[in-house]
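Read off the chains here:
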Amino acid sequence: MTSSSIEVRALSKRFGAFTAVDAVSFDVRRGDIFGFLGANGAGKSTTIRMLCGLLEPTSGTALVAGHDIRRSPEKVKRSIGYMSQKFSLYEDLTVEENIRFFGGVYNMAAPDLASRLRWVLEMAGLRGREHSLTRNLSQGWKQRLALGCAVLHEPGILFLDEPTGGVDPVSRRAFWDLINRLSEDGVTVFVTTHYLDEAESCNDIRLIHAGRIVGAGSPSALKASTIRNPILEVECGRTVEAMDLLRREPWVRDVSIFGVNLHVGVVEEAEGRRRLAARLEQAGIPLRRIDRIVPSLEDVFLRRIEDSDKEAGR
Amino acid sequence: MRKKAVAAPTVRAEMAGPVRMVEATVFASIRPIIRKEFRQIRRDPRTLVFLLALPGFLLLMFGYALNFDFKHIPLAVCDQDGTQASRDFLARLGTTEYFDILYRLDDPRLVDGLFGRDQAKVAVVVPRGFADDLSSGSGAPIQVLLDGTNSTSAGTAVGYIAAIVQSASLRMTTQVLEGRGFRGLSVPVAAEVRVWYNPELRSALFLIPGLMAFVLMIIVVVSTSFSVVREKERGTMEQILVSPVRPLALIVGKTVPYALISLLSAHLALGLGYLLFRVPIRGSYPLLLLAMGLFLLGGLGQGILISTVTRTQQVAFMIAILTTLLPTFILSGFVFPIRNMPGIIQAFSFFVPARYFLSALRGIMIKGVGIGAFWEQILFLAAFAGLTITVSAVRLRRSSGVEGEGRKRR
Ligand SMILES: Nc1ncnc2c1ncn2[C@@H]1O[C@H](COP(=O)(O)OP(=O)(O)OP(=O)(O)O)[C@@H](O)[C@H]1O
Ligand SMILES: [Mg+2]
């Protein structure tokens, strides 16, 4: 067996004339937390659904747990757990009934199921709520229960499609603790997200934009390879006007708006600070603060998308 | 940031799952699906009530509303002759259960007002000279006036009157002739009409089997297509399809509960039909069960098939109603005889399973005939069930059942 849990080669999916996933290739190492990062409509769910055997690829191949997704989707299905983007448990069944149903669907033997049932209740913090109707649970609980149902049969590979959509930060934290635990137990976790802080917790990341992979590597490697210039965070008035202004300066690499601030990539830090202050003053824009910052994945992401769009001539 | 060793992960998890599940058979996973389906039905008593009570309710409504037997038709009479003969004749009309003589008029022009106010449907006028004409043998005309607003009931009323007049005049002719000295007369040609299977010509006998087919088809197709589309809407279908469950197992698991419930429903309808409308089961019960089972299977298949091409319950409902209501009502021979339809419509009716079910049902319940009389119908029902279920299993496997699920729904 190779050391990769998932091997994807030139996988594409077209819906009519529209290409949702465009010849993506990547490997996922066993036991990794692999992050698939992209904006809405980038093609994250479509890729996952092909890898899970829910959607037939238009072209290309992929091996999941060593099985070809085209030739033996049934074997793939036995090796994976999947949690779809939407909450997908039976709201009109109780917590325990949901767990037992999925255990039955995966054909688990009764003793195994009994011990896994306890494990899931423990893990999701649902002990004592076995007989609550699932519809009455809070969103965070529902998500943990869905995760529990997805790993009930102890799959080696787990696909999570935006698992933390719509839950509060505390629940998100708790959910990621579970993902880390599963990964420590040797489960390969393939997770899509558009939360950049979540992406920081991944070992390996692919940035996907308009169906293409525009960046690859661990978070730190991505930052190092993308952002070579110092980035200054600038707090000033009339941000939009300031951005347009700075864009035209030759010593400015790139400018983007982050919240109420500007992130300005410059060639050199000290020189950059001096020129920035001078230019803004000249334009009569009040400057409040300049700080050197460590680039975030968001900086990386935006830069990569920009580069990719430039390349594509958009 | 979290760093993690990539080397030497525990392989345990990756191996444990597959090995244990290899011996999974297609049918092992049916049971949990059936159990789940029953649970969901139980949690939603409204659906259950709908499935069980609707057939009975519709049977009552239609059974009484679609009653084509007309009795106690309000009758107005106008005796202008005023003789013994005319009184005898009119009295005969009143003694049948078909007519109630409600009005005795002096002037036939009053009929118009009675019809207009819906106080009478039929009027019989015996003109002056009736008795004389009768005894002279020259033929005694009477006048029958009908409210033709409802052509069916008017037609029936004409039939009744004609029959009564016929028999009355026959008797009177004989009397007159005998009075003139002829003896031992017999009518040269006497048609003796005998109606088989339904001697009283009760329309219930004709309608109830059709009504059963109609109601069962609708509830079966609607409920199964709903139960599948609901899973698609909520995303649970995707969760099942990503498991090793085979599409056929999924279909069987989802249909068995609804098949059982609709069979129960069918028996309620049979019971009501017997209690309220005295519709018997003259033929063999196992055959009836076979016909019902196949018919229901076909409907279940059709419901699932509908759900593979729709994404929302509203659309599923519309298609289900469209493909069951009109065909089973119009093209099955339920109300309108297929024989009387134009050729092209008759051709359409060949593809309506209710048509075959209906003739099998009428054959078993009303005529009490054996399988020899309707094996072709049974064969067609079996073929229809096989076709719909196979096609839907194939469509589910091709995961078209989830195609488009990826779109946003937030
Ligand atoms: N069945 C389909 N038919 C046509 N287009 C589709 C279908 N499924 C997805 N798409 C399109 O493909 C593109 C990629 O969709 P996908 O769901 O993979 O995006 P995503 O990265 O998961 O986005 P999000 O973050 O919003 O979930 C979108 O533009 C979407 O509209
Ligand atoms: Mg998505």
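Keep in mind the model is a prediction, meaning the values are calculated, not measured.

### Details of the overall build of chain A
Part 1 of the argument: Along chain A, the regular secondary structure elements total eleven helices and 14 strands.
Part 2 of the argument: Viewed in the frame of its principal axes, chain A has a C-alpha envelope of about 75 × 45 × 35 Å.
Part 3 of the argument: Of the roughly 12,600 Å² of accessible surface on chain A, a fraction of 49% belongs to carbon and sulfur atoms.
Part 4 of the argument: With 43 positive and 42 negative side-chain charges, chain A shows a spacing of 3 Å between the two charge centroids.

### As for the overall build of chain B
Part 1 of the argument: Along the backbone of chain B there are 15 helices and four strands.
Part 2 of the argument: The buried share among the 410 residues of chain B stands at 43%.
Part 3 of the argument: Of the roughly 20,900 Å² that chain B leaves accessible, carbon and sulfur atoms contribute 64%.

### A word on the side chain of Glu37(B)
Part 1 of the argument: Structurally, Glu37(B) can be placed in helix α2 (residues 30-43).
Part 2 of the argument: Among the polar contacts made by the side chain of Glu37(B), one reaches the side chain of Lys36(B) at a distance of 3.2 Å.

### Looking at the domain arrangement of chain A
Part 1 of the argument: By domain assignment, chain A separates into domain 1 (4-223) and domain 2 (228-294).
Part 2 of the argument: Distance from the C-alpha centre of domain 1 of chain A to the C-alpha centre of domain 2 of chain A: 40 Å.

### Description of the pattern of salt bridges
Residues and elements named next belong to chain A.
Part 1 of the argument: With the rule as written, the count across this model stands at 35 salt bridges over all chains.
Part 2 of the argument: Linking Asp32 and Arg29 is a salt bridge whose minimum nitrogen-to-oxygen distance equals 3.0 Å.
Part 3 of the argument: Here Asp32 falls in the buried class, since its relative accessible area comes to 1%.
Part 4 of the argument: The exposure class of Arg29 is partly exposed, given its relative accessible area of 34%.
Part 5 of the argument: Between Glu271 and Arg275 there is a salt bridge, with its nearest N and O atoms 3.1 Å apart. Pair noted here: Glu271 and Arg275 are both in helix α10 (residues 269-282), with a separation of four residues, about one helical turn.
Part 6 of the argument: Using a relative accessible area of 34% as the deciding quantity, one classes Arg275 as partly exposed.
Part 7 of the argument: The network of salt bridges with shared partners includes Arg29, Asp32, Asp204 and Arg206.

### Re the nonpolar core
Part 1 of the argument: Among the nonpolar cores identified, the biggest contains 95 residues, and Phe159(A) and Phe190(A) are the most heavily contacted of them.
Part 2 of the argument: Of the residues forming this core, the biggest block, six residues, is contributed by helix α4 (residues 110-124) of chain A.
Part 3 of the argument: Apart from residues no more than four positions distant in its own chain, Phe159(A) is found in contact with Ile6(A), Ile48(A), Leu51(A), Cys52(A), Val64(A), Ile80(A), Gly81(A), Tyr82(A), Met83(A) and Phe190(A).
Part 4 of the argument: Ile41(B), Ile218(B), Val279(B) and Ile364(B) belong to the second largest nonpolar core, which has 58 residues in total.

### Quick notes on the sheet that holds strand β1 (residues 73-79) of chain B
All names here are of chain B.
Part 1 of the argument: Ordered by their spatial adjacency, four strands build an open sheet running β2-β1-β3-β4, and the pairing between neighbours is mixed. In this open sheet, the two strands that pair with only one neighbour each are β2 (99-105) and β4 (143-146). Looking at each pair of strands side by side, their axes are set apart by 25 degrees on average, direction ignored.
Part 2 of the argument: In the sheet, β1 pairs with strand β3 (residues 122-126) via five bridges, with the strands oriented parallel. Its bridge partner lying in β3, Leu75 is registered against Val122.

### Quick notes on the coordination of the magnesium ion (ligand 2)
When a metal carries six donors in an octahedron, the ideal angles between them are 90 or 180 degrees, while four donors in a tetrahedron ideally lie at 109.5 degrees.
Residue and element names in this part refer to chain A.
Part 1 of the argument: Binding of the magnesium ion (ligand 2) to the protein goes through Ser45 (OG) and Gln85 (OE1), at separations of 1.8 to 2.2 Å. Taken together, the residues Ser45 in helix α1 (residues 44-51) and Gln85 in the loop between β6 (80-83) and α3 (95-105) connect sequence positions 40 residues apart. Accessibility assignment for this pair places Ser45 and Gln85 in one class, buried.

### Let's talk about the packing of aromatic side chains
We describe a pair of aromatic rings using the distance from one ring centre to the other and the angle between the two ring planes.
Part 1 of the argument: A full pass over the atoms with the stated rule returns 16 aromatic pairs over all chains.
Part 2 of the argument: An angle of 40 degrees between the planes, with centres 5.9 Å apart, marks the rings of Phe89(B) and Phe130(B) as tilted. Of this pair, Phe89(B) sits in helix α4 (residues 84-95) while Phe130(B) sits in helix α6 (residues 130-136); the two residues are 41 residues apart in sequence, bridging distant segments of the chain.
Part 3 of the argument: Taking relative accessible area as the criterion, Phe89(B) reaches 3% and is therefore assigned buried.
Part 4 of the argument: Put simply, the rings of Phe26(A), Phe34(A), Phe36(A), Phe159(A) and Phe190(A) touch in pairs and so form one group of aromatic residues.
Part 5 of the argument: The ring of Tyr195(A) has Arg172(A) sitting right over it, with the charged end atom 3.7 Å from the ring centre.

### Description of the pairing of β6(A)
Residue and element names in this part refer to chain A.
Part 1 of the argument: Residues Ile80 and Tyr82 point to one face of β6 and Gly81 and Met83 to the other, with burial holding for every one of them.
Part 2 of the argument: Sheet topology places β6 next to strand β7 (residues 157-161); four bridges connect them, and they run parallel. Residue pairing in the sheet places Tyr82 in a bridge with Phe159 of β7.

### A closer look at the pairing of strand β1 (residues 4-15) of chain A
All names here are of chain A.
Part 1 of the argument: As paired elements, β1 and strand β2 (residues 18-29) share eight bridges and run antiparallel to each other. Counted as the bridge partner of Glu7 is Asp27 from β2.
Part 2 of the argument: Counting the residues in the hairpin turn of β1 and β2 gives two residues, including Gly16, whose phi is positive at 65 degrees.
Part 3 of the argument: The pairing of β1 with strand β4 (residues 59-64) spans five bridges and is antiparallel. Within β4, the position partnered with Glu7 by the bridge is Leu63.

### A few points about the packing of helix α8 (residues 219-226) of chain A against helix α11 (residues 297-311) of chain A
Residue and element names in this part refer to chain A.
Part 1 of the argument: The geometry of α8 relative to α11 is characterised by a closest axis approach of 9 Å and an angle of 55 degrees between their N-to-C directions. Judged by the inter-axis angle, α8 sits oblique to α11. When the axes of α8 and α11 are compared, the crossing they make is left-handed. Of α11, the residues touching α8 (which contributes Pro219, Leu222, Lys223, Ser225 and Thr226) are Leu297, Val300, Arg303 and Arg304.
Part 2 of the argument: When the residues that make up the contact of α8 with α11 are grouped by side-chain class, the tally is four nonpolar, two polar and three charged.

### So, α1(A)
Residue and element names in this part refer to chain A.
Part 1 of the argument: Where burial is concerned, most of α1 is hidden: eight out of the eight residues are buried.
Part 2 of the argument: Inspection of α1 places Lys44, Ser45, Thr46, Thr47, Ile48, Arg49, Met50 and Leu51 among the buried residues, and these make up the whole buried set.
Part 3 of the argument: Following α1 by one or two positions, Gly53 adopts a phi angle in the positive range, close to 80 degrees.

### Quick look at the confidence of the model for chain B
Interpreting fine coordinate detail is not advised for predicted regions of low pLDDT.
Residues and elements named next belong to chain B.
Part 1 of the argument: Across chain B, the average pLDDT comes to 77, with 81% of residues at or above 70.
Part 2 of the argument: The spread of mean pLDDT over the elements of chain B runs between helix α1 (residues 12-21), the lowest at 41, and α2, the highest at 91.
Part 3 of the argument: Every residue in residues 1-24 scores below 50 in pLDDT, and together they form 36 contacts with partners more than four places removed in sequence or on other chains.
Part 4 of the argument: Per-residue pLDDT stays below 50 along residues 400-410; that stretch engages in 29 contacts with residues further than four places along the chain or on separate chains.

### Some points on the packing of helix α11 (residues 285-308) of chain B against helix α14 (residues 353-367) of chain B
Residues and elements named next belong to chain B.
Part 1 of the argument: Packing of α11 against α14 brings their axes to within 10 Å, and their N-to-C directions diverge by 170 degrees. If you check the angle between α11 and α14, you find them roughly antiparallel. Residues Leu287, Leu288, Ala291, Met292 and Phe295 of α11 touch α14, and the partners they reach there are Pro353, Ala354, Phe357, Leu361, Ile364 and Met365.
Part 2 of the argument: Each residue belonging to the contact of α11 with α14 can be placed in one class, and the counts come to eleven nonpolar, no polar and no charged.

### Section: the environment of Val245(B)
Part 1 of the argument: Here Val245(B) shows up in the loop between α9 (236-241) and α10 (247-277).
Part 2 of the argument: According to the relative accessible area criterion, Val245(B) is buried, its value standing at 5%.
Part 3 of the argument: Separated by 156 residues in sequence, Val245(B) and Phe89(B) have C-alpha atoms that sit 78 Å apart.
Part 4 of the argument: Apart from residues no more than four positions distant in its own chain, Val245(B) is found in contact with Val105(A), Ser29(B), Ile33(B), Ile240(B) and Leu250(B).

Reading the values: rules and limits
- Residues numbered from 1 in each chain as written.
- Chains lettered and ligands numbered in written order.
- Predicted model: local features only at pLDDT ≥ 70, side-chain atom pairs only at ≥ 80, totals over all residues.
- Heavy atoms only, no water.
- Helix = DSSP H or I, 4+ residues; strand = E, 2+ residues; numbered from the N terminus.
- Areas by Shrake-Rupley, 256 points an atom, 1.4 Å probe, with all protein chains shown as cover.
- Lys, Arg positive; Asp, Glu negative; His and termini not counted.
- Charge placed at Lys NZ, Arg CZ, Asp CG, Glu CD.
- Buried < 20%, exposed > 50% of the residue type's maximum accessible area, 1.4 Å probe, protein only.
- Polar contact = N/O pair within 3.5 Å; in protein donor to acceptor, adjacent residues only side chain to side chain.
- Domains from an automatic or database assignment.
- Salt bridge = Lys/Arg side-chain N within 4 Å of Asp/Glu carboxyl O.
- Core = buried A, V, L, I, M, F, W, Y, C linked by side-chain atoms within 4.5 Å.
- Contact = heavy atoms within 4.5 Å.
- Pairing = 2+ DSSP bridges.
- Axes fitted to C-alpha atoms, helices over the stretch in contact; angles between N-to-C directions.
- Donors = N, O, S within 2.8 Å, 3.2 Å for Na, K, Ca; no water.
- Phe/Tyr/Trp six-rings, centres within 6.5 Å; stacked < 30°, edge-to-face > 60°.
- Lys NZ or Arg CZ within 6 Å of the ring centre and 35° of its normal.
- Parallel < 35°, antiparallel > 145°, perpendicular 65-115°, else oblique.
- Left-handed = near helix turned anticlockwise from the far one by under 90°.
- Nonpolar A, V, L, I, M, F, W, Y, C, P; charged D, E, K, R; others polar.
- pLDDT = per-residue confidence, 0-100.

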